[in-house]
Amino acid sequence: WTPSAGGESAFLAFNPDDKLLESAANDKTVKIWDLASGNELRALAPQGAAVYSLAFNADGTLLAQAGGDKTERLYHVASESDIRQLGTKPAACFP
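Residues numbered from 1 in each chain as written. Predicted model: local features only at pLDDT ≥ 70, side-chain atom pairs only at ≥ 80, totals over all residues. Heavy atoms only, no water.

(A) Here's a closer look at the overall build of the chain. Per the secondary structure count, the chain includes zero helices and eight strands. Ordered by position in the sequence, the α and β elements of the chain form the string β-β-β-β-β-β-β-β. Counting the 95 residues in the chain, one finds 35% classified as buried. In the chain, the proportion of contacts linking residues at least 24 apart, taken out of those at least 6 apart, comes to 24%. Just so you have it, the chain exposes about 5,100 Å², and 52% of that area is on carbon and sulfur atoms. (Helix = DSSP H or I, 4+ residues; strand = E, 2+ residues; numbered from the N terminus. Buried < 20%, exposed > 50% of the residue type's maximum accessible area, 1.4 Å probe, protein only. Contact = heavy atoms within 4.5 Å. Areas by Shrake-Rupley, 256 points an atom, 1.4 Å probe, with all protein chains shown as cover.)

Printed below as a string of structure tokens:
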């Protein structure tokens, strides 16, 4: 299996227990994968631009994403809900 279904994966993040993988592709898609089966569990709502950074929190319940639109978003893994958009950062923080 490949986490690049839908576009070339640019960034990957493993959850703390190494059971899930979050992938961000250059087509603005962000997906969560089950590592044991290789199956896509869900696709998150696309950002306005490519995602440049991904991270799970320490207990794996939240996902953080930062994108080319200079916004950061926080998602709750179990409910797949967008908790909040954290705002914008100066362009120097992004590639």
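(B) Summary view of the pattern of salt bridges. Counting across every chain of the model gives one salt bridge. For Lys 31, the salt bridge is made with Glu 40, and the minimal N-O distance between the two is 3.5 Å. (Salt bridge = Lys/Arg side-chain N within 4 Å of Asp/Glu carboxyl O.)

In short, the description is geometric, and any link to function would need to be established separately.
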